[in-house]
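# Breakdown of the fold
Below are the chains, spelled out letter by letter.
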Amino acid sequence: MSLKKVDTKALDGIVEKMIETVDASKGEIFHIGEQCRKDYESIIEELKNVKALVIQVINEGDDLDVKVRFARKRLLEVSQHFNQYSEEQVRDAYEKAHELQMKLTMNRQMEKQLRERRDDLERRLRSLQETIDRAENLVSQISIVLNYLLSDMKQVGKALEDAKQKQDFGLKIIEAQEDERKRLSREIHDGPAQMLANVLMRSDLIERVYKESGPGEALKEVNSLKHMVRSALYEVRRIIYDLRPMALDDLGLVPTLKKYLHTIEEYNKLTSILFTNIGQENRLPSKYEVALFRLIQESVQNALKHAEAKEIHVKLEVRSNHVLVIVKDNGKGFDASMKKQGSFGIMGMKERVELLDGEISIDSKEGQGTLVIIQVPLAA
């Protein structure tokens with residue numbers, strides 16, 4: 001069919017309706033997944049408490065069992081030599097034996113109930129995990145469809161002019177977006193979300209410590225809680241940087257890097273970060289600034305988290321026709337020939353550099369630190 005005969009406005013209207021429907025479906029599935037995840041976290045915490053109670057009840061039961069046997073032995077001795085004991089001693093032996101037996105019976109009943117509750121929670125966890133996995137899979141699939149519609153089909157008239165080229169480019173963007181979202185989801189779940197859950201637990205602990213040990217011990221727990229909140233705040237700020245630092249658009253690459261590295265150094269007080277800028281400080285096209293910032297950010301984070309480096313040197317050299325980035329650390333290094341299963345950091349860096357037609361080399365040996373060199377040509 002000729003492009004002239006295609007009613008692009010009608011097609012755009014159809015696509016708009018499709019986008020609205022798909023987006024609404026995605027939102028509903030995402031809501032279901034989030035609710036299941038909240039229930040999952042709540043049950044995990046409850047299960048942890050129930051398991052701790054089971055152990056406590058079992059230990060108490062074992063202790064009571066020993067006491068009951070001793071009380072029965074005592075009661076048998078009193079019964080056999082009734083005339084040798086006073087009425088008060090006999091009554092006391094009977095009462096203690098009866099009391100301990102009642103406590104043991106209640107303990108066994110409590111243990112049974114806790115075991116049943118534990119088994120029920122574990123079954124619910126398995127069911128919720130299956131629902132969460134299905135929801136995430138559906139959201140991921142719908143996101144691909146939705147992003148495809150938004151990036152390549154919203155303006156159908158233009159897309160028809162060069163469909164093959166837009167399809168290939170759109171798929172690359174979609175894959176990159178999905179990878180970023182999955183990474184961000186993992187970081188929020190493992191970082192701030194986990195820390196905030198710990199803060200809630202610590203707040204309950206502080207209340208108990210205050211009641212049991214007084215304000216001195218409670219103050220120690222408060223100081224520990226402040227450190228935990230400070231860590232959570234840092235993680236949130238770091239994730240905001242991961243999304244897109246606002247200074248990058250306003251000030252450019254070099255000032256943003258200086259601020260970012262200074263902030264990282266302030267938080268990681270045991271690590272020294274030295275930044276050197278050589279050459280021009282002119283603004284680069286947005287795609288270069290974003291990509292270079294991400295590459296340096298990933299290299300520095302790897303040096304901090306995985307290499308446990310004490311010194312990190314970052315060098316940026318901007319020339320008229322190319323950009324050179326060098327990130328060197330004195331960390332524990334790694335065997336570059338060995339590929340870690342489930343590790344996508346280095347793979348993502350290589351893909352970013354390839355999109356800019358650049359080159360990246362990573363030289364590292366165990367115990368000898370890591371050297372990352374990135375060269376990116378600048379378009380004329």
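Residues numbered from 1 in each chain as written. Predicted model: local features only at pLDDT ≥ 70, side-chain atom pairs only at ≥ 80, totals over all residues. Heavy atoms only, no water.

## Some words on the environment of arginine 117
With respect to the helices, strands and loops of the structure, arginine 117 is situated in helix H2 (residues 87-153). Taking the C-alpha atoms as reference points, arginine 117 and lysine 51, 66 residues apart in sequence, are found 9.5 Å from one another. (Helix = DSSP H or I, 4+ residues; strand = E, 2+ residues; numbered from the N terminus.)

## Some points on the sheet that holds strand S4 (residues 359-364)
Across the sheet, which stays open at both edges, the five strands sit in the order S1-S2-S3-S5-S4 with mixed pairing between neighbours. In this open sheet, the two edge strands, each paired with only one partner strand, are strand S1 (272-279) and S4. Each neighbouring strand pair of the sheet contributes to a mean axis angle of 10 degrees, computed without reference to strand direction. In this structure, strand S2 (residues 311-318) lies alongside strand S3 (residues 322-329), joined through seven bridges in antiparallel fashion. Note on S3: the bridge partner recorded for leucine 316 is valine 325. (Pairing = 2+ DSSP bridges. Axes fitted to C-alpha atoms, helices over the stretch in contact; angles between N-to-C directions.)

## Digging into the nonpolar core
Inside soluble globular proteins, nonpolar side chains tend to come together where they are buried. Ranked by size, the top nonpolar core spans 36 residues in total, and within it Val300, Ile312 and Leu316 carry the most contacts. When residues of this core are traced back to their parent elements, those giving at least two are helix H7 (253-267), S1, helix H8 (286-305), S2, S3, helix H9 (345-355) and strand S5 (370-377). Considering every element that reaches this core, the biggest residue donor is H8, with 10 residues. When near neighbours in sequence (up to four residues on either side) are disregarded, valine 300 contacts Leu261, Ile264, Ile273, Ile312 and Val314. (Core = buried A, V, L, I, M, F, W, Y, C linked by side-chain atoms within 4.5 Å. Buried < 20%, exposed > 50% of the residue type's maximum accessible area, 1.4 Å probe, protein only. Contact = heavy atoms within 4.5 Å.)

## Focus: the confidence of the model for the protein chain
Per-residue confidence for the protein chain gives a mean pLDDT of 78; residues scoring 70 or more make up 80%. Scored below 50 in pLDDT, residues 1-6 makes five contacts in the model with residues more than four places away or belonging to other chains. (pLDDT = per-residue confidence, 0-100.)

## Points about unusual backbone geometry
Residues other than glycine seldom take positive phi values, yet glutamate 308 does so here, at roughly 55 degrees. Considering the arrangement of structural elements, one finds glutamate 308 in the loop between H8 and S2. The phi dihedral of aspartate 357 is positive, around 60 degrees, even though this residue is not glycine. Structurally, aspartate 357 can be placed in the loop between H9 and S4.

## Observations regarding the pairing of S3
The loop that links S2 with its antiparallel partner S3 comprises three residues. Relative to S5, S3 runs antiparallel, the two sharing eight bridges. By the bridge assignment, valine 327 is partnered in S5 with valine 372.

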